[in-house]
Amino acid sequence: MPDILFRDAIKLGLQEALDNDPSVFIMGEDIGAYGGAYAVTDGLLDQYGPERIKDTPISEATFIGAGIGAAIAGLRPVIELMSISFSLVGFDQIVNMAANIRYMSGGQVNVPMVLRAPTGAGVQLAATHSQSFETWLCEVPGLKCVCPSTPYDALGLIRSAIKDDNPVFVAEPAMLYSKKGEIPNEYYEVPIGKANVIKSGSDVSLFSYGHGIKIISETANYLEKNGINAELVDLRSLNPIDTITISNSVRKTNRVVLVDTARKTGGVMSEVASLITENSVDWLDGPIVTVGSDNVPWPYNHDLEKKAFVDVQSVVKAFEKGYGV
Amino acid sequence: MPRTRRSKKIKNTSSGNSFHDRDALLGLFKQMYLIRQFEITCGEQYSQGNIRGFLHLYIGQEATGVGVLSQLSKDDYVITHYRDHGHALARGLDVNRSMAELFGKSTGLSKGKGGSMHLFDVSKKFMGGHAIVAGQLPVAAGLSLAQKYKNEEGITVCFFGDGATNQGVYHETLNLAAVWQLPILFVLENNGYGMGSSIERVRAGGTDFYPGVSTYGIDTAEVDGMDVLAVREATRAAIDKIRSNSSPYFIECKTFRFVGHSYADGQKYRDNDEIKSWRNKDPVETFPKYLINQNMSTDQEISDIKSKIDKQIDQAVKFAENSPNPPMSELYKDIYRD
Ligand SMILES: Cc1ncc(C[n+]2csc(CCOP(=O)(O)OP(=O)(O)O)c2C)c(N)n1
Ligand SMILES: [Mg+2]
């Protein structure tokens, strides 16, 4: 089981796809000569050449749209965005076009395209560069949306995403690129639509995804010391959401804490809360506790940003308040 | 249909003699040197961890911002992108408060909430650094629309880089400004690169942008962006034209950033010779030499100016260091107007 950086796990998935499928190519801003804003594609231009590692102009709307066209015509583009915030410049293409085309054509055309982008706050990039728009993207039918929390999941999900015949958005927590984790030598995939029970427990289910996994893991360690045995669930896939794994966990522990690192209002966990209410309300011993980052534009100042960002303390506090422990 | 007008090539006019009084010229040098020292200091403070996030320095491009902004009046709006420190200082934004913003302090221009890429001072009609590439262009059109609507004297100056010209809104804004004949000055700071992408790799039609702009019926000029006097002269002419015709104008400044795109950039995509050859035109070095040659200043005077500004920057760092962080309550303020 070799150790690998999160960014290198994604790169490995890209390399495999480029090696095995000539219809796969990569495009994005400064992914070639510059090596990628987060160095995920570093070295790929030398390895695969400019036909397959395509530097684009700063034209998100157009190169996303071009990706759709290429996908419809039989290629499998993987598109890197420098930040999920810049997806907004191409939102029309992603939502109106990529996600809807198959449906509108009555199933005649597929868009096997992957969009990848760093997401999330935490490094003082201020309001325009710190957002987490997987919360918007995961609402769109026709578009799948995943968010890995480990190098293992990053590789497994990128493999599945590139093989998928639908458009898939891979939100990559920017804070995780330099984190290490193990991957097996044998080939594996992480199926889109399957949550991961990271740790099984009996007293409370803690749900999150992406960078939030670190927070619920630390919360679980804290609770453990107080004799509370938490189950940890990583959603991994935000659309489709794994309702079965969620229900099973809730019905087992009867207590729920949901954690978003994105802004709490309109976050992914709002949807999870709604699903739990629909499916498992009779199994609950108390309220569905939802915690997220503050509903503010992300500030530049370090202390303010830290304050806005959800942390272990606030999760513990919300749990204790919700369940009177 | 707006008429297509011819592009005018503005020559190096360092030897020209319009509005060449000594104080004005020394003022240009002071501003360029202030920006240079501010930026060098920002780099140092970044490596010490006092400034964080993204830091895009203006080193090398000083003549452009200073030349353009020297010709504005207080009624004019200025709007720019994330490489905004030079524009902010040349517009006369407070040096202490600018530095404090980069430190994220409560005394900063935006109370520490915006940081390096988002400097604002509405009292100086400085309407922001904006960090989404080309995002400021349509907003600039709106500022000048309001000026025209309200019959105001002022015009709007909008700075952007070569990379921004590949966004749709760049073209859409040029078109709108021409269709509505807005009093706006577009200033393209063509520094040859958008991050690691040289123009040739991402733009069809060569490395000159102004010829394409004239297809929108907008007057254009090309100018040596390393020559502060040439930039100043081109701007003067442009502004006169904008005011008399109430129509847009476009200046392309050929310039260069001597340093990486942001502080983290190793510059693998270009070679040292290119950087060196541009450094020979460094306006912060060549312009004071020119002034001395023309007997408009002396070595002594230049070095006095420099040490005064060095002290001013030291002061700004102290001011920023000693300023408090914003209180936590600031997190929830300024989202809506009450
Ligand atoms: C919509 C969008 N896409 C990408 C980026 C990332 N980015 C920031 S600056 C930049 C290069 C811009 O180059 P240019 O306009 O030439 O300005 P310069 O940095 O050279 O001053 C890029 C790609 C961004 N901020 N916004
Ligand atoms: Mg540029």
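Keep in mind the model is a prediction, meaning the values are calculated, not measured.

**Q** Would you mind going over the overall build of chain A with me for this structure?
**A** Regarding its fold elements, chain A presents twelve helices and 14 strands. In summary, chain A has a C-alpha radius of gyration of 20 Å against a globular reference of 20 Å for 325 residues, a match within 12%. When burial is assessed residue by residue, chain A has 60% of its 325 residues classed as buried. The long-range fraction of contacts in chain A, counting pairs at least 24 apart against all pairs at least 6 apart in sequence, stands at 82%.

**Q** Honestly, the sheet that holds strand β14 (residues 288-293) of chain A in this entry has me stumped. Any pointers?
**A** Strand pairing within a sheet occurs via backbone hydrogen bonds; the two strands may be parallel or antiparallel. Residues and elements named next belong to chain A. Within the open sheet, the five strands sit side by side as β9-β11-β10-β13-β14. Their pairing is mixed. The strands lining the two open edges of the sheet, one partner per strand, are β9 (196-199) and β14. Each strand of the sheet is rotated relative to its neighbour by a mean of 25°, with strand direction disregarded. Note that strand β13 (residues 256-263) and β14 share five bridges and pair parallel. Paired with R263 across the strands is S293, a residue of β14. Of the strands in this sheet, β10 (204-208), β13 and β14 are in contact with helix α10 (residues 268-280), which crosses β13 at around 155°.

**Q** So what exactly am I meant to see when it comes to the coordination of the magnesium ion (ligand 2) here?
**A** By definition of the ideal shapes, four donors in a tetrahedron about a metal sit 109.5 degrees apart, and six donors in an octahedron sit 90 or 180 degrees apart. Residues and elements named next belong to chain B. Around the magnesium ion (ligand 2), the protein contributes the donor atoms D162 (OD), N191 (OD1) and Y193 (O), which lie 2.1 to 2.3 Å from the metal centre. Sequence spacing among the residues donating to the magnesium ion (ligand 2) works out to D-x28-N-x1-Y. Here N191 lies in the loop between β5 (184-190) and β6 (193-194) and D162 lies in the loop between β4 (156-161) and α6 (168-179), a separation of 29 residues in the sequence. Here D162 and N191 have matching classes, each one buried.

**Q** What is the right way to look at the site of ligand 1 in this model?
**A** The environment of ligand 1 is formed by 23 residues, the closest being E60(A), Y82(B), R83(B), A131(B) and G163(B). Proximal residues around ligand 1 fall on chains A and B, making this an inter-chain site. Note that a nitrogen atom of ligand 1 is positioned 3.0 Å from one of the backbone N or O atoms of V133(B). One of the side-chain nitrogen or oxygen atoms of N191(B) is found 2.8 Å away from an oxygen atom of ligand 1. Burial of ligand 1 by the surrounding chains reaches 97%, relative to a free accessible area of 580 Å².

**Q** Would you mind showing me how to read the state of the cysteines here?
**A** Here is the idea: a disulfide is a covalent bond, and it sits between the sulfur atoms of two cysteines. By the definition in use, this model includes zero disulfides over all chains. Of the cysteine sulfurs around C145(A), a residue in no disulfide, the closest is that of C138(A), at 5.6 Å.

**Q** Quick question: what am I supposed to make of the pattern of salt bridges here?
**A** Residue and element names in this part refer to chain B. By the definition in use, this model includes 27 salt bridges over all chains. D75 serves as the salt-bridge partner of K74, at 3.9 Å between the closest nitrogen and oxygen. A relative accessible area of 72% means that K74 is categorised as exposed. For K111, the salt bridge identified is with D334, shortest N-O distance 3.0 Å. Taken as a pair, K111 in the loop between α4 (95-102) and β3 (126-130) and D334 in the segment after α12 (299-322) lie far apart in primary sequence, 223 residues in all. Through salt bridges with shared partners, a single network forms among K111, K113, E330 and D334.

Calculation criteria
- Residues numbered from 1 in each chain as written.
- Chains lettered and ligands numbered in written order.
- Predicted model: local features only at pLDDT ≥ 70, side-chain atom pairs only at ≥ 80, totals over all residues.
- Heavy atoms only, no water.
- Helix = DSSP H or I, 4+ residues; strand = E, 2+ residues; numbered from the N terminus.
- Rg over C-alpha atoms; globule rule 2.2 N^0.38 Å.
- Buried < 20%, exposed > 50% of the residue type's maximum accessible area, 1.4 Å probe, protein only.
- Contact = heavy atoms within 4.5 Å.
- Pairing = 2+ DSSP bridges.
- Axes fitted to C-alpha atoms, helices over the stretch in contact; angles between N-to-C directions.
- Donors = N, O, S within 2.8 Å, 3.2 Å for Na, K, Ca; no water.
- Near = heavy atom within 4 Å.
- Polar contact = N/O pair within 3.5 Å; in protein donor to acceptor, adjacent residues only side chain to side chain.
- Areas by Shrake-Rupley, 256 points an atom, 1.4 Å probe, with all protein chains shown as cover.
- Disulfide = S-S within 2.5 Å.
- Salt bridge = Lys/Arg side-chain N within 4 Å of Asp/Glu carboxyl O.

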